[in-house]
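Descriptive analysis of the structure
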Protein chains: 2
Amino acid sequence: MSATAEQVTKGERTRAAILERAVDLASLEGLEGLTIGRLAAELRMSKSGLFAHFGSKQELQLATVAAAADRFRVAVVEPAMGAGEGAPRLRALTESYLEHLDLYAGGCFWAATSIEYDDRPGPVRDAIAGALDAWLAGLTREAAAAGALDPDRFAFELYALTMGANSRFRLSGDRRPFEYVRAALASLEAELGD
Amino acid sequence: MSATAEQVTKGERTRAAILERAVDLASLEGLEGLTIGRLAAELRMSKSGLFAHFGSKQELQLATVAAAADRFRVAVVEPAMGAGEGAPRLRALTESYLEHLDLYAGGCFWAATSIEYDDRPGPVRDAIAGALDAWLAGLTREAAAAGALDPDRFAFELYALTMGANSRFRLSGDRRPFEYVRAALASLEAELGD
DNA sequence: CCTACCGATCGGTAGG
DNA sequence: CCTACCGATCGGTAGG
């Protein structure tokens, strides 16, 4: 009669499908460029039908950020957790980050939206900033475990290099930065033992 | 009677004032968020009066990109040309880049717009990509003069680190990355002599 | 450089 | 989840 805990209602499936597409669209066009009308047209729904799932554009944006965080965790973070903490895990995180850039049409969701929202105060910006801070904090933790003298600096460098590879790849189609990131990470690791 | 070469017409002054504001607005809100109506309101002009200077939104965007390139040349590149080529000039370029982030409300115009346009084919994207490629090429030239074993990799790393410092500063107000960039550049230079 | 428009699209609402 | 709307704003035009 009623839904069990395992059952996924039709509404939940629709909502998940909307957010899947919303993350892709936001990676491509930004969270402002993500319009309810366009999203509805791509999913062959009415605008108001889609709108009813969220109640406001801002709630759609917040749900999209949360869905992107889930996707990033599954595609980038969790696959690297099999590697031992410290240097092996930093290499695994870097590899899964670089690989996920080829998986999704819009490239890195966080690169696109963090730049877009850095000057737009509000809950959407706060959610994006929180996700980025958590990513940096994770890198810092692994850098510390790897024995980095300055884990914050190490984490910043790895963050900047991977995001930079995303930028260069998307703007110029240049894949050489992928190799430069790997080489730079190896150089950073070489400093660890000294 | 007629305008001499030195004379700046009123139309040219108005156009320059529009573009000055347009570069700031685009750094803050992106080149799509830069709307003719808002720009006109801020400059206390009519929409159509402003529009007449450019003829289309795309021409306004292209003129804004060109004005941003001029500003970057004056604020970042030219001040560093007094330093000797190679390592001293790389340090000077890095310093003037980091300083210019405090000078303008929206931070780095190129960080904001290159991410925004990496998925929007057309002349605006081409202009942005051309400016970024020229910046990378300049860094590569100086890295080669400094004796880098792989000038392209050196240039990419410096590009990624400086852009990364812009991102972290704007999203989290964290200025430590400015020091990390300086330290990383020093490490890169230390590799040169080896 | 202006006023006065245009059709399209925006986020959002009413009522079912 | 739909149709049928709303006021505001978008890029752009006509005519001066």
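What counts as what
Residues numbered from 1 in each chain as written. Chains lettered and ligands numbered in written order. Predicted model: local features only at pLDDT ≥ 70, side-chain atom pairs only at ≥ 80, totals over all residues. Heavy atoms only, no water. Axes fitted to C-alpha atoms, helices over the stretch in contact; angles between N-to-C directions. Helix = DSSP H or I, 4+ residues; strand = E, 2+ residues; numbered from the N terminus. Parallel < 35°, antiparallel > 145°, perpendicular 65-115°, else oblique. Contact = heavy atoms within 4.5 Å. Nonpolar A, V, L, I, M, F, W, Y, C, P; charged D, E, K, R; others polar. Least-squares fit on C-alpha atoms with pLDDT ≥ 70 in both. Salt bridge = Lys/Arg side-chain N within 4 Å of Asp/Glu carboxyl O. Buried < 20%, exposed > 50% of the residue type's maximum accessible area, 1.4 Å probe, protein only. Near = heavy atom within 4 Å. Polar contact = N/O pair within 3.5 Å; in protein donor to acceptor, adjacent residues only side chain to side chain.

Details of the packing of helix α1 (residues 10–33) of chain B against helix α6 (residues 109–117) of chain B
All names here are of chain B. Look at α1 against α6: their axes get within 9 Å of each other, and the N-to-C directions meet at 5°. When the axes of α1 and α6 are compared, the pair comes out roughly parallel. Where α1 approaches α6, its residues Val23, Ala26, Ser27, Gly30, Leu31, Glu32 and Gly33 are matched on the opposing element by Phe109, Ala112, Thr113, Glu116 and Tyr117. Among the residues forming the contact of α1 with α6, the class breakdown is six nonpolar, four polar and two charged.

Regarding the relation of the copies chain B and chain A
In screw terms, the move from chain B to chain A is a rotation of 180° and a rise of 0.0 Å along the axis, fitting with an RMSD of 0.0 Å. Overall, the copies show the geometry of a two-fold rotation axis. If distances are taken from each C-alpha of chain B to the rotation axis, the shortest is found for Ala160 of chain B, at 2.7 Å. Residue by residue, 100% of the interface of chain B is reproduced at the interface of chain A, so both copies engage with the same surface.

Notes on the pattern of salt bridges
Residues and elements named next belong to chain A. Evaluated as defined, the whole model comprises 42 salt bridges over all chains. One salt bridge in this structure joins Glu42 and Arg38, with 3.2 Å as the shortest N-O distance. With Glu42 and Arg38 both in helix α2 (residues 36–42), this residue pair falls four residues apart, about one helical turn. We classify Glu42 as partly exposed; its relative accessible area is 31%. When its relative accessible area of 34% is taken as the criterion, Arg38 is described as partly exposed.

Description of the protein's contact with DNA strand C
In the vicinity of DNA strand C, 15 residues are found, and the nearest of them are Thr35 and Lys57 of chain A together with Thr14, Ser46 and Ser48 of chain B. Measuring from a phosphate oxygen of DNA strand C, one finds a backbone N or O atom of Lys57 of chain A at 2.5 Å. When contributions to the surface near DNA strand C are tallied by element, the ones reaching two or more residues are α2 and α3 (47–51) of chain A together with α3 (47–51) of chain B. Top contributing element to the surface near DNA strand C by residue count: α3 of chain A, with three residues. Here the residues of the surface near DNA strand C are counted per class, giving four nonpolar, nine polar and two charged.

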